[in-house]
Amino acid sequence: MLKITIYEDDSSITLKIEGKLIGPWIDEFSEVWEQTTPLIEAKNVRLDIRDMTFIDGDGIEALRKGRRWHPNEVIADTPLTRDFSDRITGSVAVRNVKEIEPCNAPIDRTN
């Protein structure tokens, strides 16, 4: 399920996205975004994703596309939504797992 609520004041528009941004709901988000675009002009656009529970790769791309159209702020507050935000904004550090050496030290079970 996806719920999008739009809050507007004199200086900003906030799109609050709740639930999952996947599959057919990506088209729904894109329609809402395109309908909102004419209202944006000189306003700060915020994406409030604090209540998102899942987003797939296509959802990330839809939000990235929206960020390219206008300067945005992504509002996130948990490790999960911060991860979503990092993927949307492209600030995720890619790490190669093979670089991490396993610890082969013996485990002391005498305690």
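Please refer to the structure higher up on the page.
Throughout what follows, the structure given in this document is the object of discussion. As the structure is a computational prediction, the values presented were derived from the model and not from experiment. (Residues numbered from 1 in each chain as written. Predicted model: local features only at pLDDT ≥ 70, side-chain atom pairs only at ≥ 80, totals over all residues. Heavy atoms only, no water.)

Time to look at the pairing of strand 4 (residues 72-75). Remember that side chains alternate between the two faces of the sheet whenever the strand is regular. The two faces of strand 4 differ: Asn-72 and Val-74 on one face are buried, but Glu-73 and Ile-75 on the other face are not. By the bridge criterion, four bridges tie strand 3 (residues 44-55) to strand 4 in an arrangement that is parallel. Bridge assignment links Asp-48 to a residue of strand 4, and that residue is Ile-75. (Buried < 20%, exposed > 50% of the residue type's maximum accessible area, 1.4 Å probe, protein only. Helix = DSSP H or I, 4+ residues; strand = E, 2+ residues; numbered from the N terminus. Pairing = 2+ DSSP bridges.)

Our next topic: the packing of aromatic side chains. For the structure on display, the rule yields one aromatic pair. A centroid spacing of 6.1 Å and a plane angle of 25° characterise the contact between Phe-29 and Trp-33, whose relative ring orientation is stacked. A residue pair is termed a helical-turn pair when its members lie 3 or 4 positions apart in one helix, as Phe-29 and Trp-33 do in helix 1 (residues 24-40) at four residues. Take Phe-29: its relative accessible area is 1%, and that puts it in the buried class. Trp-33 sits in the buried class, given a relative accessible area of 2%. (Phe/Tyr/Trp six-rings, centres within 6.5 Å; stacked < 30°, edge-to-face > 60°.)

A few words now on helix 3 (residues 79-89). Regarding helix 3, the residues found buried are Thr-81, Phe-84, Ser-85 and Ile-88. The buried residues of helix 3 occupy an angular sector of 100° when the element is viewed end-on, so they sit on one face. Among the residues trailing helix 3, Gly-90 stands out with phi positive, at a value near 80°. (Arc of directions from axis to C-beta.)

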